[in-house]
Amino acid sequence: MNIQGVFLQRLKRAHLLTRLFTTAKEERIEIPIRIHRGPTDILRALESTIKQDPTAAHYKYHDDPYLIPNNNIAKRSYAMAQEAGRKAAHWVRSENPELFNHRECDPPIESFFPKLVYAKESEVTEQDLLNVIDKNEVSNAILIYNIFMSKGIEISNEARQSLLEFLCYNNSEDVLEEEFIEERWFKQSSSVKERQRKTWKDGSVAEEVFKSIENPNAEAYSAIIQGMAKFNQSSRAYQLFEEAQQKGLNLDVNAYNSIIKVSHFLKEGYDLRWAFVINMLQNIKQAGLKPNLGTLNSVLYILSTMGSSKMVKNFTIKTLQEFKCLGIEPSLGSWYYVLTAICKERGPKSAVLANILVEVMNKNHQIRDISDTHFFVTAMDVANNHLNDVVLGQKVHELLMFGNNYDLIGDSYKESIYYRHYFNLLLANVPLDYFIEKTYNRLVPNVYVPEPTVMREVIKQIDLNGAVDYIPQIWSDMVIFSHNLRGDLINLILRVMVDNEPDNSQITKTFSEIGWDIYTTVEGQDEQKFNTVQFSGEMLGRILLVLLRNNEFEKACLVMDKLNSNNQNIVGVPSFEALSLFVDHCIENKTPSKAIECIQFASDSGFPDALALGGKLNEKCTLDEMHLNKLSKVVDLKIN
């Protein structure tokens, strides 16, 4: 290779190295900013990739068809039994703490270890008091405080304030532990009367702690006022509020909110009540405090207790506008109070729900106030009973199913009421086939078990639409839901089967099986139980009809024997159509004795056509002398 070639080759190498070094300098590794991840973020990400299957049972039930509950009682029993097992494990751990001191994991999980047990002789410190407060152990907090008092141990102002707030929040009594979620879920919401009665414990430890403070500051007054107001000791709470005002203390805005929320106990008339609320809002402004969501919800709650006048509607709208100017966004609980205030049961219809849905649709809502769990059940109630608007009802349901909004449905009681309103709304406004296929089959029974009132509406719609093909499915569900011993539903479904005689032989056979199932169920019930179903003449007559239409003569004879043998105890009589059809089948099966018994029953029941039945029997059936004598006696009785 000549010198020129060598030079060119080295020049190419130098150029290549220059490009490599230049590229290396230009390429920079940028480390992204760390994103904080919670312990369950990966699980939530995986969960988001799976769509919910409404036809599948809840994960808390065993994935076994024999162990999946199909009615409300079974759902509650199964879930509470599982929770009882957890409670039993807690009891074993608390009774034998020495067996659970080994470490199963590192770092240790405190929940796996037994709780510390305190006694009157225990040596405790202020830190022990703060620890039990953090763990939400009310009884232990009270015990430690009593130990301090008996031994004359001083408590810092900060610890005393923490204890006061803790006791006021819990009304000085233990609450259900958070891990017992099933008991919380199935615990029915208390009635309005229960929620509005005074439950504050007068003379409780909370009051003792407050009195032990020589010169209570604004924080102490705020805590005791909020506690008393929360548990409806309204008069005493307002007395302490005025006492703090006279001392010139700057109370927390939440103390003002709590007084506003119990103003309906303090002031009788609507005008006095609203004037009191306005005065409290002015006091908040004069104190230099900024209202919050609690203030808005307290005002709206009071408005919801003030009847259905136009004034209430105007004040509600004005309140929302004022707080919007303050930058306070309403929560779902705020809208619940708006619906309660404006959409009264006997008041004029209002389109406020449509306006509310514009504000809240397509948003993943988080709970910001305890009243947020009342929104969905109230919104569906308004859509159903107040407006009868299926479009709005569908929008409410769409919002509920959006994101994690189902977490705000409340408890099992609210969930059941929500679906009751939803089903009734759909039944009255959508085609029956659409309701059964798109809603009923998807939600029943794993999500919702229809109450008897809802099942009655379903059967009525089947009757109106002549859709008797759904009767077998509905009866099967009634058996599963333990509705098969409800007299009103039994009579209704029998009437529908009798009035809608099917052309399909298979449906006729199924109707006969349902009728016989009803008969054996009522006949075999325990008469010692309360509210047992009693046979009526009308019920037995309908059972006769569905049996005879499928040529179940032997079973029909048993039903007829029941009518004859218990004639004095059975209220009412069967229809003449049922008795006539039974006589026809007796003639066909050549059993004149059964026919004469039926004619005798018809005569005793006062049917004028009993004589015609006797003539039909004599004409179409060859009777011996004994049968003729019996029949003549029946005819003679009728003539006389």
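From a predicted model like this one, the values you see are computed outputs, not experimental measurements. (Residues numbered from 1 in each chain as written. Predicted model: local features only at pLDDT ≥ 70, side-chain atom pairs only at ≥ 80, totals over all residues. Heavy atoms only, no water.)

Asks: Explain the overall build of the chain to me, using residue names and the numbers behind them.
Replies: When helices and strands are tallied, the chain shows 32 helices and zero strands. Relative to the globule expectation of 26 Å for 640 residues, the C-alpha radius of gyration of the chain, 37 Å, shows a markedly less compact shape. Each principal axis of the C-alpha atoms in the chain carries an extent, and together these give about 125 × 105 × 65 Å. For the chain, with 640 residues in total, the buried portion stands at 43%. Long-range pairs, those at least 24 residues apart, make up 71% of the contacts in the chain with a sequence separation of at least 6. For the chain, the accessible area works out to roughly 36,800 Å², and carbon and sulfur atoms hold 51% of it. Looking at the chain, you have 69 positive and 83 negative side-chain charges, and the mean spots of the two groups are 7 Å apart. (Helix = DSSP H or I, 4+ residues; strand = E, 2+ residues; numbered from the N terminus. Rg over C-alpha atoms; globule rule 2.2 N^0.38 Å. Buried < 20%, exposed > 50% of the residue type's maximum accessible area, 1.4 Å probe, protein only. Contact = heavy atoms within 4.5 Å. Areas by Shrake-Rupley, 256 points an atom, 1.4 Å probe, with all protein chains shown as cover. Lys, Arg positive; Asp, Glu negative; His and termini not counted. Charge placed at Lys NZ, Arg CZ, Asp CG, Glu CD.)

Asks: Outline the packing of helix α26 (residues 505–523) against helix α28 (residues 553–565), supporting the account with residue identities and numerical values.
Replies: Put simply, α26 and α28 touch, their axes get as near as 11 Å, and they point 40 degrees apart. Of the possible angle classes, the one that applies to α26 and α28 is oblique. As α26 packs across α28, the resulting crossing turns out to be left-handed. Within the contact between the two elements, α26 uses Trp516, Tyr519 and Glu523 and α28 uses Lys555, Leu558, Val559 and Lys562. Here the residues of the contact of α26 with α28 are counted per class, giving four nonpolar, no polar and three charged. (Axes fitted to C-alpha atoms, helices over the stretch in contact; angles between N-to-C directions. Parallel < 35°, antiparallel > 145°, perpendicular 65-115°, else oblique. Left-handed = near helix turned anticlockwise from the far one by under 90°. Nonpolar A, V, L, I, M, F, W, Y, C, P; charged D, E, K, R; others polar.)

Asks: Explain the pattern of salt bridges to me, using residue names and the numbers behind them.
Replies: Throughout the structure, instances matching the rule amount to 19 salt bridges. Across the pair lysine 87 and glutamate 183 runs a salt bridge, and its minimum N-O distance is 2.4 Å. Taken together, the residues lysine 87 in helix α3 (residues 72–95) and glutamate 183 in helix α7 (residues 181–186) connect sequence positions 96 residues apart. The class of lysine 87 is partly exposed, set by a relative accessible area of 32%. On the basis of relative accessibility, which here comes to 23%, the residue glutamate 183 falls in the partly exposed class. Members of the salt-bridge network, linked through shared partners, are Asp463, Arg495 and Asp499. (Salt bridge = Lys/Arg side-chain N within 4 Å of Asp/Glu carboxyl O.)

Asks: I'd love a proper account of the packing of helix α21 (residues 412–429) against helix α23 (residues 452–465), names of residues and values included.
Replies: The geometry of α21 relative to α23 is characterised by a closest axis approach of 10 Å and an angle of 15 degrees between their N-to-C directions. Considering their axes alone, α21 and α23 lie roughly parallel with respect to each other. By crossing handedness, the relation of α21 to α23 is classed as left-handed. Contact residues: Arg420, Phe423, Asn424 and Leu427 in α21; Val454, Glu457, Val458 and Gln461 in α23. Taken together, the residues of the contact of α21 with α23 sort by class into four nonpolar, two polar and two charged.

Asks: An account of the environment of valine 358 is requested, with residue identities and associated values reported.
Replies: With respect to the helices and strands, valine 358 occurs in helix α18 (residues 352–360). For the pair valine 358 and lysine 395, spaced 37 residues apart in the sequence, the C-alpha separation amounts to 9.9 Å.

Asks: Please give an account of the side chain of serine 222 that cites residues and values.
Replies: By secondary structure assignment, the location of serine 222 is in helix α10 (residues 218–230). Assessed through its relative accessible area of 4%, serine 222 is described here as buried. At 3.0 Å, the side chain of serine 222 forms a polar contact with the backbone nitrogen of aspartate 252. Each residue touching serine 222, except ones within four places of it in the same chain, is listed here: Leu251, Asp252 and Ala255. (Polar contact = N/O pair within 3.5 Å; in protein donor to acceptor, adjacent residues only side chain to side chain.)

Asks: Go over the side chain of threonine 319, please, and point to the residues and values.
Replies: The residue threonine 319 is located in helix α16 (residues 310–325) in this model. We classify threonine 319 as buried; its relative accessible area is 8%. Once residues within four sequence positions are removed from consideration, threonine 319 is found in contact with Trp274, Leu296, Val299, Leu300 and Leu303.

Asks: I'd like to hear about the packing of aromatic side chains, residue by residue, with values.
Replies: Within this structure, the stated rule accounts for 20 aromatic pairs. A centroid spacing of 6.3 Å and a plane angle of 25 degrees characterise the contact between tyrosine 418 and tyrosine 422, whose relative ring orientation is stacked. In this pair, tyrosine 418 and tyrosine 422 both sit in helix α21, four residues apart, roughly one turn of the helix. Its relative accessible area of 4% is what places tyrosine 422 among the buried residues. (Phe/Tyr/Trp six-rings, centres within 6.5 Å; stacked < 30°, edge-to-face > 60°.)

Asks: Explain a nonpolar patch on the surface to me, using residue names and the numbers behind them.
Replies: A contiguous nonpolar surface patch, about 350 Å² in accessible area, is contributed by Ile42, Leu43 and Leu46. Tracing the backbone through its elements, the reader meets isoleucine 42 in helix α2 (residues 41–48). Accessibility expressed as a relative area gives 66% for isoleucine 42, which makes it exposed. (Patch = residues over 30% accessible without salt bridge, like charges linked within 9 Å, V, L, I, M, F, W, Y side chains within 5 Å.)

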